[in-house]
Amino acid sequence: MTPSSEARQIQTPQDLLKVKERTALPAVAESHRAHVLVGMNTCGIASGARETMAALEKEISQRGLHTRIYQTGCVGACFEEPLVDVALPGQPRVTYRNLTADKVARVVEEHLVGGRVVADLALCQSPDGSAALPVLTRYDEIPYNAKQQRIVLANCGLIDPENIDHYIAADGYVALATAVTEMSPEEVIGVVVDSGLRGRGGAGFPTGIKWRFTRHAARHPKYVICNADEGDPGAFMDRSVLEGDPHAVLEGLALCGYAVGAEESYIYVRAEYPVAVARLEKAIDQARGYGLLGRNILGSGFNFEIKIKMGAGAFVCGEETALMASIEGKRGMPRPRPPFPAGSGLWGQPTNINNVETLANVPAIIRNGAPWYKSFGTKESTGTKVFCITGKVKNSGLIEVPMGISLREIIFDIGGGILNDRAFKAVQTGGPSGGVLPESLLGLPVDYQALAQAGSIMGSGGVVILDETTCMVDVARYFLTFTQTESCGKCPPCREGLQRLYAMLDRICKGQGEAQDLDRLEVLSRTITDSSLCGLGQTAPNPVLTVLRYFRDEIEAHVVDKRCPAGVCPELVSYFIDPERCTACGLCKKACPVDAIAGEKKVVHSVIQEKCIKCGACFDACPEKFSAVYRQ
Amino acid sequence: MTNSIAEIEGAKAILVTGSNTTEMHPVLSTYVKRAVRQRDAKLILVDPRRIALQRHATKWLRPKPGTDVAWINGLMHVILEEGLHDEAYIRERTEGFDTVREVVKAYTPTAVEQITGIPAHDLVAAARLFGQAERAAVLYAMGITQHTTGTDNVKSLANLTLLTGNVGVPNAGLNPLRGQNNVQGACDMGALPNVYSGYQQVADPAARERMAQGWQLDGLPDTPGRTLTEITEAALAGEIRALYIVGENPMLSDPDLTHLEKALRKLDLLVVQDIFHTETAQVAHVVLPGASFAEKDGTFTNTERRVQRVRQAVAPPGDARADWEIISELSTRMGYEMAYESPAQIMDEIAAVTPSYGGISYARIERHGLQWPCPSPDHPGTTFLHKGQFARGRGLFHAIEYQAPPEVPDKEYPLYLSTGRVLYHWHTGSMTRRSAGMVDRVSECEMEISAADAARFSIADGAPVRVRSRRGEIQAKAKITNRAVEGTIFIPFHFAESAVNVLTHGQRDPVAKIPGIKVCAVHVEAA
Amino acid sequence: MKVKLTIDGKEIATSHGNTILMAARRAGIEIPTLCYHPRLPASGACRVCVVEIEGRAALGASCAIPVADDMVVQTRSPRVLEARKLAIELLLASGDHNCLTCQANGACGLQERAYELGIETLAFAVQSPGYPKDNSNKMIERDLNKCILCGRCVRACNDVQVNEVLHIGHRGGKAKIVTAFDRSYGDSQCVFCGECVALCPTGALTEAGAKFQGRPWDLKKVRTTCAYCGTGCQLDLNVHKGRVVKVTSDYHHGVPNFGSLCTKGRFAYDFIHHADRLTTPLIREKGALREVGWDEALERVAGQFSEIKAKHGPHALAVLASARCTNEENYLLQKFTRGVLGTNNIDHCARL
């Protein structure tokens with residue numbers, strides 16, 4: 001889609017309007033004929049969207065239909081992928097869920113050819129003005145969507161991310177055009193400050209204030225960086241935005257450059273995000289082709305270039321000073337701050353760093369104004385936040401909600417509650433360095449202050465839900481396996497301290513804990529938090545500290561009673577067979593990998609404790625109606 | 001050096017030529033590397049070999065050996081053409097510019113490419129880097145001077161620095177890097193045929209008078225003496241009959257060794273004073289055991305003219321004595337009493353008869369050395385020379401034309417040979433080849449050759465080779481490396497068993513009498 | 001304009017751009033350090049110099065953080081002392097820090113800090129990584145089991161010498177100092193300047209030749225000027241029992257090298273005590289050299305010089321002075337040549 005001729009350059013805001021006028025989003029442009037949208041983010045592709053797309057193309061061409069097929073981003077309901085929208089003229093779009101290639105022929109035959117919705121495969125219908133189909137729920141009435149508020153993800157799932165015209169048709173680049181032709185950099189900063197937008201990468205520093213620091217730095221050149229090094233396991237907010245709406249990030253970055261006085265910028269993105277990288281590259285080419293990047297943008301005299309720098313996947317490179325070192329070609333290791341990047345950043349020059357989500361908010365803020373943005377969220381934490389909800393929850397996926405929504409609403413209303421209707425035990429927010437919060441805190445409003453006070457963090461937006469089958473000591477140990485291996489190795493508290501913390505938890509899980517260990521854990525955790533060089537070490541003990549705070553009895557059970565209440569820690573669990581309930585069916589005997597079950601057909605079974613490796617295979621194998629195998 | 005070592009770090013452009021700085025002056029090279037890596041200085045490296053500094057170079061020019069005047073004139077041509085010269089500086093502080101302007105006119109980038117093989121666009125780019133820099137320093141060493149046109153080469157570099165106003169200002173200058181610990185001091189002290197200490201001319205009656213008075217003598221010889229290479233010739237001719245060599249090993253370091261040995265053997269008396277039984281000591285009539293630097297007090301003057309203390313740490317072995325004691329006693333035995341109690345006392349005498357050292361005493365250099373000129377006890381020393389005005393008043397340009405080296409490859413001797421040192425050894429190796437760590441790294445003579453030449457002459461990596469010139473033949477081990485440029489081989493001169501100076505020619509620069517060791521023609525074959 | 005701040009209750013005015021550590025030291029307040037060295041850019045890695053800065057959540061590395069107006073700093077609060085102690089305790093248990101057999105015993109930053117903090121017993125069980133020693137060369141011995149990953153060697157190699165051979169490799173508990181492809185020093189691009197050894201605060205990097213030749217407190221340091229190239233580096237000959245057993249330098253020696261040396265200056269000193277040294281005058285008789293006393297040797301030289309001078313004139317004599325000898329010696333040689341021999345036939349190998 002890269003425009004080739006000079007004539008296609010966008011030189012004035014009016015040119016932008018012309019593109020918008022000649023382009024319409026699929027939903028509008030194709031309202032006179034049938035069209036199909038396929039979710040082609042990584043989540044969709046992983047679920048088989050490429051095969052679905054190929055099958056659609058084949059079926060449609062074989063039948064000689066004139067249906068247009070578009071790719072689009074992710075609407076968030078990753079658990080329903082591949083998601084395919086099918087629209088007939090004059091009818092609302094129907095969203096099909098889990099539409100793998102094998103089901104495509106049926107949808108094409110029945111819906112596209114026959115004009116009948118395949119109700120058993122459909123999820124919902126679009127909420128637009130067309131006559132609603134009586135058989136289907138409206139998209140916005142699904143509980144998963146009802147409480148969401150889309151600013152950052154507004155275009156995801158609606159536009160083709162590889163087509164700049166689609167972005168422009170959705171009011172894209174209007175904010176940049178307005179800013180560079182009508183606003184001073186100070187005015188742009190003023191709007192961002194007034195909006196109350198805070199960094200979505202974790203620390204929650206007010207974005208506009210940060211921009212002002214860099215603006216006020218006297219030295220040139222200055223740089224702006226988009227931190228797309230999304231490293232939290234299970235977090236894919238940024239990836240979804242980059243894949244579903246890359247131009248929003250470019251526009252936000254350009255606005256940031258204009259505001260702080262930078263002409264050069266980098267997007268530091270993980271090499272493990274190949275789809276995001278490819279779409280960013282394409283987006284940059286397109287924007288440059290239109291003259292929306294490059295020299296003298298819209299005749300304003302503002303020059304701006306974006307380079308992509310791929311990271312090799314070190315968690316610590318999400319830390320801004322490590323990230324800058326990595327861009328400079330050095331090993332990604334943090335350095336002490338101050339000096340902060342605003343004074344001395346990339347190559348020692350004034351630098352502003354924001355994460356993807358933060359920047360993706362900016363065009364909408366400039367377009368709609370600070371008061372509009374502040375109408376979402378709370379007083380101190382304005383706007384929305386994108387979260388990834390994963391773990392033992394029914395609807396796992398990507399959501400965007402107003403700040404201040406409660407954890408309960410996220411987990412139960414949007415997430416649909418706990419998988420298999422088990423009991424909720426804890427929720428962990430903010431990635432591997434976040435804290436675990438108990439049921440009593442489910443009413444907690446999700447904002448920066450409340451989470452911090454509770455001992456956790458907003459982080460970049462990961463939410464992991466844990467159920468009653470989870471051992472909290474094991475969970476703390478699990479997160480430490482991650483943080484201790486991802487420590488860059490620079491400072492002793494993080495490098496050595498986390499290993500010791502891990503070793504202590506490991507001992508406790510193995511029933512070798514000592515009475516003093518609770519104090520030791522507490523002191524070591526606090527000192528690591530206090531004395532580590534960067535955010536990684538300073539937050540890594542959070543899981544341990546919150547387990548000590550909210551699940552102390554569970555650690556005590558491990559240490560004092562040598563018991564794992566959740567029955568997870570193998571060394572602290574023994575399996576038994578209740579002779580009263582055992583029907584000698586032999587299923588557990590068959591499942592046992594080490595022949596640790598005694599008994600014959602029709603002879604009641606028992607566990608040979610000396611041979612048992614506590615894998616739990618017998619427990620899982622015993623049919624629920626008997627429930628003869630139990631653990632203690 | 002006109003300027004100081006530490007000033008290099010503040011230069012905006014640095015031109016390094018004829019100096020394998022990281023290996024020959026490793027610590028000094030760190031200033032160059034830091035300037036480039038940490039302060040964004042531009043490094044222009046002019047060297048036929050891909051030496052380690054090349055990795056840091058902004059621009060690397062690779063001339064054919066012996067073509068230095070041509071590329072330097074070429075740089076000046078471009079600088080003038082593009083108006084990058086410092087007109088005010090030339091007007092106010094120099095003379096003779098017009099003749100240089102005339103001469104360099106012919107040295108267009110294309111013409112220079114023909115002579116040197118440096119692509120015209122590279123020469124232009126290098127000239128811009130040098131000319132546009134606010135402060136540019138030139139560093140050079142024996143790769144510039146050890147040519148039959150050595151003086152011309154140095155004068156050409158001087159022209160370049162004058163043209164761009166880079167002498168007499170900080171972080172710039174024309175800076176020869178001295179290869180031996182006290183070459184500077186030996187020159188300063190008048191260990192030269194034409195000058196007393198402090199470069200006072202022996203031909204100048206007033207200077208002669210002053211020195212004679214200082215030394216309480218009735219008179220001093222008035223004709224300049226012979227240079228090292230002239231001494232060889234004179235010995236061969238029977239005009240010089242006795243030679244006293246202190247701490248030198250010409251039997252390995254000098255060109256055309258076969259010729260030299262003949263000369264030394266002709267002497268009636270050869271006295272060699274050294275710490276080891278060197279190749280030269282082996283042909284001596286009398287050998288006197290001296291003390292190493294660790295066994296005596298004194299001073300060395302470094303390449304930036306800084307006079308620094310040498311202190312005794314251990315006793316000399318056996319009956320060995322400090323050289324100053326031996327010389328004093330010899331003098332006394334010849335009827336002129338030298339009754340110095342310590343080197344400090346000698347320094348006081350040096351200060352008394354040497355204006356540039358006038359303010360130097362052991363007390364003042366106890367903690368930090370002083371840079372001459374330091375004419376009086378309250379003078380702080382001189383960081384860079386020619387501030388405000390030149391020693392001679394105005395800086396003098398010299399118009400120099402390029403002359404081809406005397407020996408170039410031909411059918412019989414198809415390769416250039418260049419000589420020098422390696423990181424782990426020093427000069428004739430008498431010290432480094434007796435240090436375990438150095439020998440462990442490099443134990444034998446390796447001839448560096450490009451892969452293309454190796455293929456052409458059927459030479460395998462690591463295999464023994466025979467290298468032959470019009471003067472002799474040696475054996476060495478071949479090392480195929482991308483440091484070597486096609487058409488030129490390199491052999492270090494540390495190794496007596498592969499004494500490369502058997503191959504080099506004794507033709508000298510007409511002014512400085514320096515031998516043109518850096519270029520000769522050789523033939524190479526597998527041994 | 002001065003920056004005003006408070007450190008340990010003391011009001012201090014210091015220059016803009018100074019770090020908290022510099023300001024404190026100038027005010028006579030000692031903050032212990034480990035990974036800091038004045039020759040190196042600050043890294044803030046070891047967390048030993050951490051201080052409490054009012055209004056900041058976490059402790060900060062005083063070596064790296066610049067002063068600011070109205071800053072209130074505590075250098076010895078309980079929080080600070082606890083953090084400092086933990087850092088040292090963790091390091092003590094992280095490797096093979098057995099002082100009894102360590103070449104750095106008595107000159108070890110880790111040992112000194114542990115002593116100052118009053119650490120008597122190990123807080124954690126020792127977990128030495130068990131790396132094999134790097135004995136790949138005769139200059140530098142590397143025992144990474146004694147490495148505390150302070151990164152001084154890495155900065156020495158990259159920021160001071162700009163040789164760019166060393167870096168930190170791997171992550172977390174596997175982090176270690178590596179050369180490219182984790183090769184031994186001998187097989188790497190190392191040029192053996194020894195800057196890493198000089199700046200290593202522990203026994204991880206030591207001079208191989210100095211091993212068992214004298215412990216730090218045995219050595220007498222004699223400052224002198226290097227005998228190799230013309231840079232004139234200032235160095236210290238470390239003497240024990242009348243022998244030079246090691247060469248070091250010191251940042252505080254200042255110009256021209258600020259403590260840096262090269263491989264020759266630092267490691268090529270064996271020749272001083274080499275068995276090949278000339279220890280007695282020799283005179284050639286019937287083709288062979290015979291050991292003689294000084295009297296005989298000098299009489300022979302003086303006599304023959306006088307004889308030749310008388311017979312062939314002074315210009316039949318010549319002297320080659322030395323770029324290796326001291327100024328004083330070269331001065332005496334020219335005086336001797338001109339004043340006593342009566343000729344200007346003196347030169348040296350400046351041209352070679």
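This text gives an overview of the structure that appears in the document. Throughout, a residue's number is its position along its own chain's written sequence, starting from 1. Each chain is given a letter, starting from A, and each ligand a number, starting from 1, according to the order in which they appear as written. Per-residue local features are limited, in this predicted model, to residues with pLDDT of at least 70; the limit for side-chain atom pairs, both in listing and counting, is 80 or more; totals at the level of whole chains, interfaces and linings are taken over all residues. Side-chain descriptors were evaluated using all non-hydrogen atoms of the structure, hydrogens and water having been removed beforehand.

Our next topic: the interface of chain B and chain C. It only takes one pair of heavy atoms within 4.5 Å for two residues to be counted as in contact. Contact with chain B, which involves 153 residues of that partner, is made by 115 residues of chain C. The contact between chain B and chain C buries some 11300 Å² in all, and 61% of this surface belongs to carbon and sulfur atoms. A pairing counts as a salt bridge when a side-chain nitrogen of Lys or Arg comes within 4 Å of a carboxyl oxygen of Asp or Glu. If you look at where chain B meets chain C, you find nine salt bridges. Glu248 of chain B is the partner of Arg324 of chain C in a salt bridge, and the nearest nitrogen-oxygen pair spans 3.1 Å. Only Asp, Glu, Lys and Arg are considered charged, only Ala, Val, Leu, Ile, Met, Phe, Trp, Tyr, Cys and Pro nonpolar, and every remaining residue, Gly among them, polar. Tallied by class, the residues present in the side of chain B that touches chain C amount to 81 nonpolar, 40 polar and 32 charged. As paired elements, strand E9 (residues 242-246) of chain B and strand E15 (residues 317-320) of chain C share four bridges and run parallel to each other. Two parts lose some accessible area (1.4 Å probe) when they are put together, and adding that loss for both gives the buried area. DSSP bridges decide pairing: two strands pair if at least two such bridges lie between them. Under the DSSP-based scheme used, a helix requires at least four consecutive residues in state H or I and a strand at least two consecutive residues in state E, with every element numbered from the N terminus.

A few words now on helix H11 (residues 205-214) of chain B. Helical geometry: 3.6 residues make up each α-helical turn, so side chains three or four residues apart lie on a common side. Residue and element names in this part refer to chain B. Residue exposure (1.4 Å probe, protein chains only): buried if accessible area is under 20% of the type maximum, exposed if over 50%, otherwise partly exposed. If you check which residues of H11 are buried, you get Ala207, Arg208, Met211 and Ala212. Within H11, the buried residues cover an arc of 130 degrees as seen down the axis, which keeps them to one side. In H11, the exposed positions that point more than 90 degrees away from the buried face belong to Pro205, Glu209 and Gln213. Positioned one or two residues after H11, Gln216 has a phi angle of 55 degrees, which is positive. This arc is taken over the directions from the axis of the helix to the C-beta atoms.

Two side chains bearing opposite charge may form a pair once their charged atoms approach each other closely. Tallied over the full model, the rule gives 95 salt bridges over all chains. Measuring nitrogen to oxygen at the nearest pair gives 3.5 Å for the salt bridge that ties Lys18 of chain A to Asp15 of chain A. Remark: Asp15 of chain A and Lys18 of chain A occur in helix H1 (residues 13-22); sequence separation between them is three residues, near one turn of the helix. Under the relative-accessibility criterion, Asp15 of chain A is labelled buried at 17%. Of the charged contacts, one joins Glu9 of chain B and Arg34 of chain B as a salt bridge, the two residues approaching to 3.1 Å between their closest N and O atoms. Note that Glu9 of chain B is positioned in the segment before strand E1 (13-17) and Arg34 of chain B in helix H2 (residues 26-39), a separation of 25 residues in sequence. Several salt bridges share partner residues, and in doing so they unite Arg321, Glu329 and Arg333 of chain B together with Asp295 and Glu299 of chain C into one network.

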